[in-house]
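# Chains, contacts and geometry: an overview
What follows is the residue order along each chain.
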Amino acid sequence: MLKELDAINWEGLRGAYGPAGDAAEILRRLASPDKGVAGEALDEFFSSIWHQGTVYPVTAVAVPFIVELAAGRAVHHRDALCFALGAFGDPNMSDGSALPAVRAALRAHSDSLLPLLEDPEEAVREAATYVVAHSGGGDKAASALVARREVEDDPRVQAGIVLSLCAVEPAVGLPVAEAAVQDPFPVPLAAAHALLDAGRAVPGEALEHLAAAIGREAEWSGAWTESFTRFDGVIERLDAVAARTVVTMMGTGSAQSRVRQAENLARRSRASRSAARESVGHLRELLADDDTGVVAAAVAAAADAGHAVSSLAPELAHLALGDVADHRGPANMAIAVLTRLRDDRVIPALSAAWERGQSPDALRLLGDNIPSFDPDLLTVIRDRLATVLDASASERDQWATPTGWPDGPAPLIAVLGGWGPAAAPALDVLVDALPVAPHAVPIALAAIGPAARDAEAPLRAAADVDGLPALRAADALRQLCQDPAPLVAVAAGLLDSGHRFTDWDLNLVAEAGPDAASLVPRLRTYLTGRAAETYPDRELQVAAARVVWRAVGGIDVVAPTLDAVLRAGERSAARAAELLAELPSELLGAFVPVLRDLVERTEPFHGAARVPAARALWRAGAATAGLVPLLLEEIAGPWGSFDGVDLLAEMGDADAIPGLRALAERDTRVVTSGSWDSLVWEDDTLRRRLLDAITTLQIMSRSTGNRG
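Residues numbered from 1 in each chain as written. Predicted model: local features only at pLDDT ≥ 70, side-chain atom pairs only at ≥ 80, totals over all residues. Heavy atoms only, no water.

## Brief notes about the overall build of the protein chain
In terms of helices and strands, the protein chain carries 39 helices and four strands. Over its C-alpha trace the protein chain gives a radius of gyration of 29 Å, about what one expects of a compact globule, namely 27 Å for 708 residues. A total of 708 residues make up the protein chain; the buried ones form 54% of that total. Of all intrachain contacts in the protein chain linking residues separated by at least 6 positions in sequence, the fraction that spans at least 24 positions is 68%. Working note: accessible area of the protein chain is about 29,500 Å², and carbon and sulfur atoms make up 52% of it. Charged side chains of the protein chain number 63 positive and 97 negative; the gap between the two group centres comes to 4 Å. (Helix = DSSP H or I, 4+ residues; strand = E, 2+ residues; numbered from the N terminus. Rg over C-alpha atoms; globule rule 2.2 N^0.38 Å. Buried < 20%, exposed > 50% of the residue type's maximum accessible area, 1.4 Å probe, protein only. Contact = heavy atoms within 4.5 Å. Areas by Shrake-Rupley, 256 points an atom, 1.4 Å probe, with all protein chains shown as cover. Lys, Arg positive; Asp, Glu negative; His and termini not counted. Charge placed at Lys NZ, Arg CZ, Asp CG, Glu CD.)

Okay, here's the thing in structure tokens:
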């Protein structure tokens, strides 16, 4: 086995971490008779040869050896190897510049994979159906699947055969899927997946059988289920009538069925805006269920329904008063939903938890969901902050970081800062918190404004210590006292000592404007005219360019570096484009070609720069007509671009209204990527922003007579 390994120059092939000289040894150890050794090798394979879905040149060369290993009856973890091979050909599972070569290698060995359908191990046979579906085997693969279906007695493998046959030869597979919806579990789920993938409906007479299968969906595991994305569930892809029928059927059974009902309501809500609204009645019933597990599942489903559940606030407020010790329990989740809704009924729940000495997980959400100012809540927050500060030394050390700590003072400080001048009565406790939250407190004090001038002395003391926190204190002094000198002095000391900046902190220095002119010679080391090797270093280059530009008002020193960072693309190019949008339009001409290139790029990672580049192009005088469709395309992407919406509103081109309205009124969620527990809430917010932008453009159109 693996006789040809040494004939390959593995060191000359690139893997996840550079030259893949260790690939041969990884493949050898995958063949080890010792299951533990083979398991360790499998972990290394998933780390360096196929890393988080990315394939590399070494992956393509490794394919024949992986096929050989998967076929070796004495090899451990063959089902995992089959899954990896299938994932190489699955468009939802792999990417990377080497993907065409990897898939060509897979097609070249597709015939060698067919015998795995006859393997004595059920897990291998199931995984074999997945790789056969994605290896380009054509008619031979379809014939092998049909033959195996006639004799296969394991329902899990039968489910894989249905999915595989529909992928390889839909004309043969789809009639099989329609008939299989009433077969033993989990075949109905596989059949429903296959039909929905093909845009077909699940037969109405099969819905009761399907509902029972969905109730057991967690029991189905294997290569196919590993490949399903979180939005690949059956419930959210059924039409509304069929989905309501299935959900209702699930709710009439056992407590377990009602839990599954709640889970599938959540899945539909994550995919469909109308489904979230439709779920409210079902959720109200489930929240009143006698079974605590059902109630917990219902609260979790409410968290996935977004703002549609605002009418459930009374029920959630009652549940929020419970014990928050269980991180995924109903009380914690209810507090989270009320926090996101910015509902005042969260206040008693927070107070009750704090009185018990508990800290709800939802505290981390407060900074992004500032509740309306309320004098009583100010007292609660102030008193809680004073209590939190009376913590152990080790806890206080954890809080003194840029992000703070979820159960530390940072979220409370963020709320006070969000209230601005109204939070002035809490000034004393904010000053007390400065040593343990040196990143958060200066921001809050600056937001409070002139009423926080009494904090000048402690801020000056904080600006006189070593490290980046001093920079935050100095920036607060700039805002409160209109004194940029401490900010410039702290930055000079940090630069002279070689202290590592973040781009966020260096951008603070730019706020000193011309007063930072003395720093320009120190910042020239960043302005090399070449893009740095890493994203963080490129972003530091852009931040340095911003300081220099605002200090001296000249473009010549920074232009070569900005151009290089723009051409490097990806995340740092977005930062460079944002800076260009600050410049006078007459200085942007030389950058127009590279900005145009960034706007027209659609591939992953480069897309981050599209909206900032479009803004800079618009500032440079580009016609809005050419930018509108590109911005609409970016807004419709899986992240949903809030900045794109704002830019279209600023541009004032009424021709954007139909596209914005289509995105606002569509039922399918726009936002599908990001933090999993925030997707629906982000999509709700995006929809509101879209509607606001439409209103703005309509007003502008009426006032100017512009119709596009």
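## A look at the pattern of salt bridges
In the structure shown here, the tally under the stated rule is 43 salt bridges. Among the ionic pairs, Asp-111 bridges to Lys-140, the shortest N-O distance being 3.1 Å. Here Lys-140 lies in helix α8 (residues 138-151) and Asp-111 lies in helix α6 (residues 110-113), a separation of 29 residues in the sequence. For Asp-111, a relative accessible area of 40% gives the class partly exposed. Put simply, Arg-453 and Glu-456 hold a salt bridge, and the shortest N to O gap is 3.5 Å. Classification of Glu-456 as partly exposed rests on a relative accessible area of 23%. When salt bridges that share partners are traced, they join Arg-73, Arg-78, Asp-119 and Glu-121 into one network. (Salt bridge = Lys/Arg side-chain N within 4 Å of Asp/Glu carboxyl O.)

## Some words on the packing of aromatic side chains
Each pair of aromatic rings is reported with the distance of its centres and the angle of its planes. The tally for this structure, following the rule as stated, stands at nine aromatic pairs. Look at Trp-10 and Phe-65: their rings are 5.9 Å apart centre to centre, the planes differ by 55°, and that puts the pair in the tilted class. Here Phe-65 lies in helix α3 (residues 57-71) and Trp-10 lies in the segment before β1 (14-15), a separation of 55 residues in the sequence. Residue Trp-10 is classed as buried on the basis of its relative accessible area of 5%. Ring centres 5.7 Å apart and planes at 65° place the aromatic pair Trp-220 and Phe-228 in the edge-to-face group. In this structure an aromatic cluster arises from ring pairing among Phe-45, Phe-46, Trp-50, Phe-83, Phe-88, Tyr-130 and Trp-224. (Phe/Tyr/Trp six-rings, centres within 6.5 Å; stacked < 30°, edge-to-face > 60°.)

## So, empty space enclosed by the protein
Applying the stated criterion to the full structure yields one cavity of 30 Å³ or more. Size it by volume and the largest cavity reaches roughly 40 Å³. Around the largest cavity sit Ala-243, Arg-244, Val-247, Leu-265, Arg-268, Ala-275, Glu-278, Ser-279 and His-282, which together line it. For the lining of the largest cavity, the elements supplying multiple residues, two or more each, are α14 (240-251), α15 (255-271) and α16 (273-287). Looking at which element gives the most residues to the lining of the largest cavity, the answer is α16, with four residues. Taken together, the residues of the lining of the largest cavity sort by class into four nonpolar, two polar and three charged. (1 Å grid on protein atoms, 1.4 Å probe; cavity = no way out; pocket = protein on both sides within 12 Å on 5 of 7 lines; lining within 4 Å. Points joined across faces, edges and corners; volume = space filled by probe spheres on them. Nonpolar A, V, L, I, M, F, W, Y, C, P; charged D, E, K, R; others polar.)

## Re the side chain of Ser-135
With respect to the helices and strands, the residue Ser-135 is situated in the loop between α7 (122-133) and α8. Only 3.4 Å separates the side chain of Ser-135 from the backbone oxygen of Val-132, close enough to count as a polar contact. Leaving out residues up to four positions away in the same chain, Ser-135 has contacts with Leu-106, Arg-107, Ser-110 and Leu-113. (Polar contact = N/O pair within 3.5 Å; in protein donor to acceptor, adjacent residues only side chain to side chain.)

## Things to note about helix α12 (residues 207-214)
All buried positions along α12 are accounted for by Leu-207, Leu-210, Ala-211, Ala-213 and Ile-214. Taken end-on, α12 shows its buried residues confined to a sector of 160°, consistent with a single buried face. (Arc of directions from axis to C-beta.)

## Observations concerning helix α32 (residues 559-568)
Along α32, the residues that are buried comprise Ala-559, Thr-561, Leu-562, Ala-564, Val-565 and Leu-566. The positive-phi residue at the C-terminal boundary of α32 is Gly-569, with phi of around 70°.

## Some points on unusual backbone geometry
Here Phe-185 and Pro-186 are connected by a cis peptide whose omega angle stands at 5°. Tracing the chain through its elements places Pro-186 in the loop between α10 (170-180) and α11 (187-197). Residues other than glycine seldom take positive phi values, yet Gln-52 does so here, at roughly 50°. Locating Gln-52 in the fold gives a position in the loop between β3 (50-51) and β4 (54-55). Residue Gln-52 is classed as exposed on the basis of its relative accessible area of 72%. Positive phi is not limited to glycine here, since Gln-482 has a value of about 50°. Along the chain, the position of Gln-482 falls in the loop between α27 (468-481) and α28 (485-496).

## Examining the environment of Thr-292
Along the polypeptide, Thr-292 turns up in helix α17 (residues 292-303). A residue is classified by how much of its surface remains accessible, and Thr-292, at 66% relative accessible area, is exposed. In this structure the C-alpha to C-alpha distance between Thr-292 and Gly-357, which are 65 residues apart in sequence, comes to 24 Å.

## Observations regarding the packing of helix α35 (residues 610-619) against helix α37 (residues 642-651)
The relative placement of two packed helices is expressed as an angle between their axes plus a distance between the axes. Look at α35 against α37: their axes get within 9 Å of each other, and the N-to-C directions meet at 15°. In terms of orientation, α35 lies roughly parallel with respect to α37. Both α35 and α37 take part in a crossing whose hand is left-handed. Residue-level contacts link Val-611, Ala-614, Arg-615 and Trp-618 of α35 to Asp-643, Gly-644, Leu-647, Glu-650 and Met-651 of α37. Along the lines of polarity and charge, the residues of the contact of α35 with α37 split into five nonpolar, one polar and three charged. (Axes fitted to C-alpha atoms, helices over the stretch in contact; angles between N-to-C directions. Parallel < 35°, antiparallel > 145°, perpendicular 65-115°, else oblique. Left-handed = near helix turned anticlockwise from the far one by under 90°.)

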